[in-house]
Amino acid sequence: MNTLNSEAFVLFGQHIKWADMVGNLFGLAALALGWRRSIWTWPVQFLAGLILFGAFFGHLTGSAGKQAVVMVVALYGWWQWQRGKEQGGDGHIAVRFATWRERAAMAAAAAVGTVAVALLFKAYPTLSWDPWPDAYIFVGTIVAMYAQARGMVEFWFAWLLVDVVGVPLNFANGYAFSGFVYVIYGALVLWGLRDWWLRSRQAARPTLEGAPA
């Protein structure tokens, strides 16, 4: 795994690591596939997590553990989209806005999870360089992936909230490519949000009796 952690090139004075570059390119591809509601978003996300897990395992235990959780959630998302791929009427999962109860549950889980993970990171400093923002990004990513697995438009809002902290944190910790990728994530998220929002409105629109399908 030393190759994964070696330097690929220098960009604008930032040292880009192979693992950082390859793992995040797969993550970027997974987000683009999620926008298109392609079930392949989940295998690609799993592969991204696997690459980063391999890069971190052995010297950054906390980061490796986070990628392991991401891989588990990716498997859950694959299972959910396999079950619901006919709901959209076009061979893909149907998208919708979450109910207020679901939103409250996800917000509560994000808040409690962030505090719990941050306290864990503070108790074991070797797990994270920046416990609170790192915990926020980790838990926010899990919540976003869960919302995506359930076909909720709120998935995109969750990613925007992760990006706000993720960009400066990655640059600060020396993962410049991750920082650049998170900026691109932001643009993809806005496009994906628009697409899913419009699809959810079309799905919710009642069909008049006798109207052409």
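Residues numbered from 1 in each chain as written. Predicted model: local features only at pLDDT ≥ 70, side-chain atom pairs only at ≥ 80, totals over all residues. Heavy atoms only, no water.

Some points on unusual backbone geometry
Okay, so step 1: Unlike most non-glycine residues, Arg37 shows phi in positive territory, near 60 degrees.
Okay, so step 2: What makes Arg37 buried here is its relative accessible area of 5%. (Buried < 20%, exposed > 50% of the residue type's maximum accessible area, 1.4 Å probe, protein only.)

What to know about the layout of surface pockets
Rolled over the atoms, a probe as big as a water molecule pinpoints where empty space is left.
Okay, so step 1: Of the voids in this model, the second largest pocket is the one considered here, and its volume is about 300 Å³.
Okay, so step 2: Lining the second largest pocket are 16 residues, with Met106, Ala110, Val143, Ala158 and Leu161 positioned closest to its centre.
Okay, so step 3: Looking at the lining of the second largest pocket, the elements with two or more residues in it are helix H4 (100–123), helix H5 (131–149) and helix H6 (154–172).
Okay, so step 4: With 6 residues, the single largest contributor to the lining of the second largest pocket is H6.
Okay, so step 5: Considering only residue class, the lining of the second largest pocket consists of 12 nonpolar, 2 polar and 2 charged. (1 Å grid on protein atoms, 1.4 Å probe; cavity = no way out; pocket = protein on both sides within 12 Å on 5 of 7 lines; lining within 4 Å. Points joined across faces, edges and corners; volume = space filled by probe spheres on them. Helix = DSSP H or I, 4+ residues; strand = E, 2+ residues; numbered from the N terminus. Nonpolar A, V, L, I, M, F, W, Y, C, P; charged D, E, K, R; others polar.)

Overview of the nonpolar core
Okay, so step 1: With 41 residues, the main nonpolar core has Leu31, Trp42, Phe155, Trp156, Trp159, Tyr185 and Trp196 as its most contacted residues.
Okay, so step 2: When contributions to this core are tallied by element, the ones reaching two or more residues are helix H1 (18–35), helix H3 (61–84), H4, H5, H6 and helix H7 (176–204).
Okay, so step 3: With 10 residues, H5 is the single largest residue contributor to this core.
Okay, so step 4: Apart from residues no more than four positions distant in its own chain, Trp159 is found in contact with Leu31, Thr141, Ala144, Tyr182, Tyr185 and Val189. (Core = buried A, V, L, I, M, F, W, Y, C linked by side-chain atoms within 4.5 Å. Contact = heavy atoms within 4.5 Å.)

Some remarks on the packing of H4 against H5
Okay, so step 1: At a minimum axis distance of 8 Å, the contact between H4 and H5 shows a crossing angle of 145 degrees. Two packed elements cross with a definite hand, and for H4 against H5 that hand is right-handed. Facing H4, whose interface residues are Met106, Ala109, Ala110, Gly113, Thr114, Val115, Val117, Ala118, Leu119, Phe121 and Lys122, H5 presents Pro131, Trp132, Asp134, Ala135, Tyr136, Phe138, Val139, Val143, Tyr146 and Ala147.
Okay, so step 2: Counted by class, the contact of H4 with H5 contains 17 nonpolar, 2 polar and 2 charged residues. (Axes fitted to C-alpha atoms, helices over the stretch in contact; angles between N-to-C directions. Left-handed = near helix turned anticlockwise from the far one by under 90°.)

Some details on the pattern of salt bridges
Any two side chains of opposite charge can pair, on the condition that their charged atoms come close.
Okay, so step 1: Applying the stated criterion across every chain, the model contains 3 salt bridges.
Okay, so step 2: Note that Arg96 and Glu102 form a salt bridge whose closest N and O atoms lie 2.9 Å from each other. (Salt bridge = Lys/Arg side-chain N within 4 Å of Asp/Glu carboxyl O.)

Section: the packing of aromatic side chains
Okay, so step 1: Scanning the entire structure with this criterion turns up 11 aromatic pairs.
Okay, so step 2: Between Trp42 and Trp81, the aromatic rings sit 5.6 Å apart at their centres with planes inclined by 90 degrees, giving edge-to-face as the arrangement. Of the two residues, Trp42 is situated in helix H2 (residues 41–56) and Trp81 in helix H3; the sequence distance between them amounts to 39 residues.
Okay, so step 3: On the basis of relative accessible area, Trp42 is assigned to the buried category, the value being 1%.
Okay, so step 4: Note on Trp81 and Trp196: the rings are 6.5 Å apart at their centroids and 40 degrees apart in plane angle, and the pair reads as tilted. Highlighted residues: Trp81 in helix H3 and Trp196 in helix H7, separated in sequence by 115 residues.
Okay, so step 5: Residue class for Trp81 comes out buried when judged on its relative accessible area of 2%.
Okay, so step 6: For Trp196, a relative accessible area of 0% puts it in the buried group.
Okay, so step 7: The rings of Trp42, Trp81, Phe155, Trp156 and Trp196 are connected pair by pair, giving a single aromatic cluster.
Okay, so step 8: Lying across the ring of Trp35, Arg36 places its NZ or CZ 5.8 Å from the centre. (Phe/Tyr/Trp six-rings, centres within 6.5 Å; stacked < 30°, edge-to-face > 60°. Lys NZ or Arg CZ within 6 Å of the ring centre and 35° of its normal.)

Considering the environment of Ala147
Okay, so step 1: For Ala147, the location among the structural elements is in helix H5.
Okay, so step 2: A relative accessible area of 1% places Ala147 in the buried class.
Okay, so step 3: Filtering out sequence-adjacent residues up to four positions away, Ala147 remains in contact with Met106, Met152, Glu154 and Phe155.

Let's talk about a nonpolar patch on the surface
Okay, so step 1: Residues Val115, Leu119 and Trp132 make up a contiguous nonpolar surface patch of about 280 Å² in total accessible area.
Okay, so step 2: Within the secondary structure, Leu119 is located in helix H4.
Okay, so step 3: Overall, Leu119 belongs to the partly exposed group, its relative accessible area being 47%. (Patch = residues over 30% accessible without salt bridge, like charges linked within 9 Å, V, L, I, M, F, W, Y side chains within 5 Å. Areas by Shrake-Rupley, 256 points an atom, 1.4 Å probe, with all protein chains shown as cover.)

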